[in-house]
Amino acid sequence: MAMEVTQILLSAQSVDSTVRKHAEENLKQFQEQNLPAFLLSLSVELASEEKPVDSRKLAGLVLKNALDAKEQHRKYELVQRWLSLDVSVKSQIKACLLQTLSSTASDVRSTASQVIAKVAGIELPQKQWPELVGSLLSNVHQVPPHVKQATIETLGYLCEEVAPETIDQDQVNKILTAVVQGMNANEANIEVRLASTRALYNAIGFSQANFSNDMERDYIMRVVCEATLSPEVKIRQAAYECLVSIGSTYYEKLAPYIQDIFNITSKAVRDDEEPVALQAIEFWSSICDEEIDILDDYGGDFTADSDVPCYYFIKQALPALVPLLLETLLKQEEDQDQDEGAWNLAMAGGTCLGLVARTVGDDIVPLVMPFIEENITKGDWRQREAATYAFGSILEGPSPDKLTPIVNVALGFMLTALTKDPSSHVKDTTAWTLGRIFEFLHGSTLATPIITPSNCQQIITVLLQSMKDAPNVAEKACGALYFLAQGYEDVGPTSPLTPYFQEIVQSLLNATHREDAGESRLRTAAYETLNEVVRSSTEETARLVVELVQVIMTELHKTLEAQKLSSDEREKQTELQGLLCGCLQVIIQKLGASEPMKYALLQYSDQIMNLLLRVFACRNATVHEEAMLSIGALAYATGPNFAKYMPDFYKYLDMGLQNFEEYQVCAVTVGIVGDICRALDDKVLAYCDGIMTQLLKDLSSNQLHQSVKPPIFSCFGDIALAIGENFEKYLMYAMPMLQSAAELSAHTSSVDDEMIEYTNSLRNGILEAYSGIFQGFKNSPKTQLLIPYAPHILQFLDSIYIEKDMDDIVMKTAIGVLGDLADTLGSNAASLIQQSVSSKDFLNECLSSDDHLIKESAEWARLAISRAISV
């Protein structure tokens with residue numbers, strides 16, 4: 001059944017694009033016409049030693065992609081497709097894969113390892129291929145080293161692909177034994193040792209039972225620590241990666257080893273090669289993450305029987321750890337500021353220092369200040385930059401009382417450095433540190449203000465001047481200004497920034513026009529800061545914000561007029577359109593929020609709408625999302641007058657709702673339907689058939705990303721609220737969908753936080769739909785249409801109350817729905833509510849809630865229920 005595919009696979013890698021495309025078409029056709037033969041042919045190619053390595057590697061890759069995909073629904077289809085293949089074909093393919101592990105070509109073995117793991121990921125949970133792990137384990141003994149290496153690599157990938165509960169503990173123990181033995185210092189073959197160390201990294205999640213056993217844990221820890229001393233740099237790096245993972249997975253088991261770990265990591269940070277030193281620092285960063293989480297969860301007050309005690313490893317290590325990290329700050333690279341993806345020892349050390357500051361708070365300050373004082377005025381730029389970076393790193397964590405006096409002394413010095421220091425590195429870090437000062441130590445909640453009438457002007461002058469500096473410095477200066485403005489968001493009718501508003505806006509616009517604004521994200525940063533300056537502005541500068549509308553419209557108009565662009569220019573232009581739409585949205589929201597200014601804005605609404613419609617005509621997803629949000633803001637500001645734009649806008653709304661591929665666009669569009677319903681009320685009726693049809697289609701599609709489903713349900717509520725009893729014709733479609741989703745979301749069997757969060761957002765969407773439907777039908781003669789659905793809704797409320805895992809938002813919406821049901825159905829609901837298992841308990845729990853919003857909703861529900869019952 002297998003066919004000859006060597007030539008097609010080689011042609012698919014040809015330099016000649018015509019040959020390449022033709023070969024890709026052939027492969028695609030073969031796959032569609034005869035999948036079993038296609039997969040078998042690939043596996044035979046992969047296993048054939050006499051074939052060229054290039055065709056074998058690609059065969060493996062195509063095979064792997066036929067089993068797995070990033071998108072969930074696609075992955076599901078591929079899994080089902082594999083499971084439905086003929087058993088004998090699958091057996092032949094699996095035999096070829098296992099045979100390939102003995103190949104002499106290392107790339108080919110590695111590809112086969114990955115494919116075996118993908119097949120195992122599909123079959124083991126289905127209780128298929130039970131002999132796999134046993135046959136791999138028997139391969140580890142008495143075989144040539146290259147086969148042993150490939151087998152252990154396969155076991156590693158296997159642990160990555162399947163969930164721990166899929167493999168029984170006895171086999172887990174055997175896998176771990178094989179892997180840890182392969183890591184041992186007496187393993188002569190380096191490749192085997194490296195594969196084993198990497199495999200252990202993937203197996204750590206499987207080792208719960210082994211880490212609970214003192215002897216086994218001691219042995220594993222000893223082997224890992226020994227591997228950190230291997231003469232091979234790759235093995236040392238992989239061993240530290242294991243330590244990082246052990247640190248975060250088994251934090252509570254680390255106490256006996258922490259002193260030894262400190263000794264080996266500090267030696268690695270000081271003397272080892274960078275990839276190894278980076279992982280050694282990462283170990284301490286991951287311990288900080290663990291302790292920050294524990295201290296956050298428990299608010300620092302531990303009882304003796306607390307589940308996850310904090311061992312305060314960081315606090316104990318402080319006197320030695322902080323000097324170690326400060327040393328790394330002096331190991332900067334010359335060009336790290338220009339390179340966006342840069343990551344080196346100095347950056348890792350500073351990041352870890354920041355985490356240490358968040359873990360221990362005030363205790364870090366006296367350990368870092370001497371380093372800053374000693375280096376901040378030195379002649380070598382590295383010392384000045386390291387001192388500044390150290391200061392910026394410790395601004396989050398310690399208390400304002402501890403930091404404010406130091407910052408008050410340092411601020412003048414830093415402003416001078418930002419304008420006068422000869423080193424661009426020092427300026428870059430100084431601007432970043434100022435941003436951190438304004439982010440953490442400036443705002444209406446702080447007792448002693450850092451920015452005062454006497455230094456405000458100097459700060460703004462220096463930041464605006466720095467916006468003309470090199471792009472990386474200018475971008476950080478924008479960031480500092482962003483946090484400066486954000487700190488004044490709730491200052492009342494007058495803002496200290498008012499006198500400088502026009503100058504700030506002009507400087508930011510100038511920065512966006514710089515020839516080099518594409519470097520270091522400068523253009524993006526300037527627009528984000530402009531948005532923040534507008535958001536935090538007050539009535540005093542509203543007139544200037546209105547003038548800004550015209551400026552931004554002109555800019556947007558320019559991007560739409562540009563002709564004949566190269567693909568590179570088009571990409572830049574698309575990015576600019578997105579930024580300008582984002583800016584328009586912020587301005588519209590700002591002006592729309594105050595009555596007098598709304599009128600000034602509305603004189604431009606036709607022009608704004610025309611520009612946005614032209615943006616939609618350029619097909620681009622990222623821009624569509626931003627443009628949609630601007631339209632939502634405009635609908636809110638224009639209210640019922642938005643109706644005149646609907647005939648032209650509707651087709652783009654419909655396109656957005658159909659956009660499964662770019663699901664963020666779809667989600668945003670669903671939100672905009674809600675905005676439009678609130679703006680138009682019953683004037684939206686003419687468009688509801690089309691909108692509801694598309695929303696129902698979206699819900700029943702298995703291609704739509706699950707995150708879009710909750711907002712669709714809540715959109716049903718918006719539509720019902722807007723059109724009232726006219727929603728009648730959609731009840732027979734919407735209600736069954738809501739019911740089946742409700743049943744699905746009532747019981748979460750998941751311990752996974754992400755899944756619980758999703759389930760709650762789904763419940764909230766469903767409840768918002770019910771709430772909108774009840775409120776929409778209130779006082780209408782058609783309310784009796786809702787009576788048949790009431791028992792199911794009450795049952796849903798009962799079941800989520802009993803599950804005890806709803807968050808505050810769901811709780812507030814749920815108790816609100818109970819009130820809406822009683823309010824709309826009146827006496828018809830009385831006996832149902834009285835029969836409900838838990839509505840009384842639920843109501844009482846909400847009435848005694850600390851959350852005033854839940855309490856308020858519950859007070860209202862109690863009133864509605866007592867009215868319904870007394871009728």
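Everything discussed here concerns the structure shown above.
Because the structure is a prediction, the values reported are computed rather than measured.

Moving on, we come to the overall build of the protein chain. A count of helices and strands for the protein chain gives 42 helices and 0 strands. The C-alpha radius of gyration computed for the protein chain amounts to 32 Å, which stays within 12% of the reference 29 Å derived for 871 residues, consistent with globular compactness. Taken along the three principal axes of its C-alpha coordinates, the protein chain extends 80 × 75 × 70 Å. For the protein chain, the residues scored as buried account for 55% of the 871 residues in total. Relative to all contacts within the protein chain whose residues are 6 or more apart in sequence, the contacts with residues 24 or more apart total 72%. With the model as given, the accessible surface of the protein chain reaches about 38,900 Å², and the carbon-plus-sulfur share is 51%. Between the centroid of the 68 positive side chains of the protein chain and the centroid of its 118 negative side chains there is a distance of 4 Å.

Now for a negative patch on the surface. Residues Glu274, Glu333, Asp335, Asp339 and Glu340 make up a contiguous surface patch of negative charge. Residue Asp335 is classed as partly exposed on the basis of its relative accessible area, which comes to 48%.

Attention shifts here to the environment of Glu661. Within the fold, Glu661 resides in the loop between α32 (646–657) and α33 (663–680). The exposure class of Glu661 is exposed, given its relative accessible area of 65%. A C-alpha to C-alpha distance of 48 Å links Glu661 and Val322, two positions 339 residues apart in sequence.

All chains considered together, the criterion is met by 17 aromatic pairs. For the ring pair Phe642 and Phe649, a centre distance of 6.3 Å and an interplane angle of 80° mean the geometry is edge-to-face. You'll find Phe642 and Phe649 in the same group, each marked buried. What links up through ring pairs into an aromatic cluster is the set Phe616, Phe642, Tyr645, Phe649 and Tyr652. Taking NZ or CZ as reference, Lys804 lies 3.6 Å from the ring centre of Tyr801, over its face.

As a further point, take the nonpolar core. The nonpolar side chains of a soluble globular protein tend to be buried, and buried together. In terms of nonpolar packing, the biggest core is built from 303 residues, with Phe649, Phe716, Ile719 and Phe727 touching the most fellow members. Take this core: its biggest share by element is 11 residues, from helix α16 (residues 274–298).

Moving on, we come to helix α19 (residues 365–375). All of the buried residues in α19 are Val365, Val368, Met369, Phe371, Ile372 and Asn375. Contacts made by the buried residues of α19 are with α17 (313–328), α18 (345–360), α20 (381–393) and α21 (400–420).

With that out of the way, let us pick up the packing of helix α34 (residues 685–700) against helix α35 (residues 709–723). Axis separation between α34 and α35 bottoms out at 11 Å; the angle between their running directions is 160°. One finds that α34 runs roughly antiparallel with respect to α35. The element α34 and its partner α35 pack so that their crossing is left-handed. For the pair α34 and α35, contact is made by Leu685, Cys688, Ile691, Met692, Leu695, Leu696, Asp698 and Leu699 and by Lys709, Ile712, Phe713, Cys715, Phe716, Ile719 and Ile723, respectively. Here the contact of α34 with α35 is composed, by residue class, of 13 nonpolar, no polar and 2 charged.

Attention now goes to the packing of α34 against helix α36 (residues 728–746). Packing of α34 against α36 leaves a shortest axis separation of 11 Å and a crossing angle of 20°. With respect to α36, the element α34 is oriented roughly parallel. Crossing hand, α34 versus α36: left-handed. Contact residues: α34 offers Cys688, Asp689, Met692, Leu696, Leu699 and Ser700, while α36 offers Lys729, Tyr730, Tyr733, Ala734 and Met737. When grouped by side-chain class, the residues that make up the contact of α34 with α36 number 8 nonpolar, 1 polar and 2 charged.

This structure, assessed with the given rule, holds 40 salt bridges. The shortest N-O distance in the salt bridge between Glu334 and Arg382 comes to 3.6 Å. Here Glu334 is found in the loop between α17 and α18, whereas its partner Arg382 is found in helix α20, with 48 residues between them in sequence. The class for Glu334 is exposed, based on a relative accessible area of 51%. Lys427 serves as the salt-bridge partner of Asp469, at 3.1 Å between the closest nitrogen and oxygen. Within this pair, whereas Asp469 is found in the loop between α23 (456–466) and α24 (471–486), its partner Lys427 is found in helix α22 (residues 424–441), the two being separated by 42 residues in sequence. For Lys427, a relative accessible area of 14% translates into the label buried. Salt bridges sharing common partners tie together Asp428, Glu475, Lys476, Arg521 and Glu528.

Cut-offs and rules
- Residues numbered from 1 in each chain as written.
- Predicted model: local features only at pLDDT ≥ 70, side-chain atom pairs only at ≥ 80, totals over all residues.
- Heavy atoms only, no water.
- Helix = DSSP H or I, 4+ residues; strand = E, 2+ residues; numbered from the N terminus.
- Rg over C-alpha atoms; globule rule 2.2 N^0.38 Å.
- Buried < 20%, exposed > 50% of the residue type's maximum accessible area, 1.4 Å probe, protein only.
- Contact = heavy atoms within 4.5 Å.
- Areas by Shrake-Rupley, 256 points an atom, 1.4 Å probe, with all protein chains shown as cover.
- Lys, Arg positive; Asp, Glu negative; His and termini not counted.
- Charge placed at Lys NZ, Arg CZ, Asp CG, Glu CD.
- Patch = residues over 30% accessible without salt bridge, like charges linked within 9 Å, V, L, I, M, F, W, Y side chains within 5 Å.
- Salt bridge = Lys/Arg side-chain N within 4 Å of Asp/Glu carboxyl O.
- Phe/Tyr/Trp six-rings, centres within 6.5 Å; stacked < 30°, edge-to-face > 60°.
- Lys NZ or Arg CZ within 6 Å of the ring centre and 35° of its normal.
- Core = buried A, V, L, I, M, F, W, Y, C linked by side-chain atoms within 4.5 Å.
- Axes fitted to C-alpha atoms, helices over the stretch in contact; angles between N-to-C directions.
- Parallel < 35°, antiparallel > 145°, perpendicular 65-115°, else oblique.
- Left-handed = near helix turned anticlockwise from the far one by under 90°.
- Nonpolar A, V, L, I, M, F, W, Y, C, P; charged D, E, K, R; others polar.

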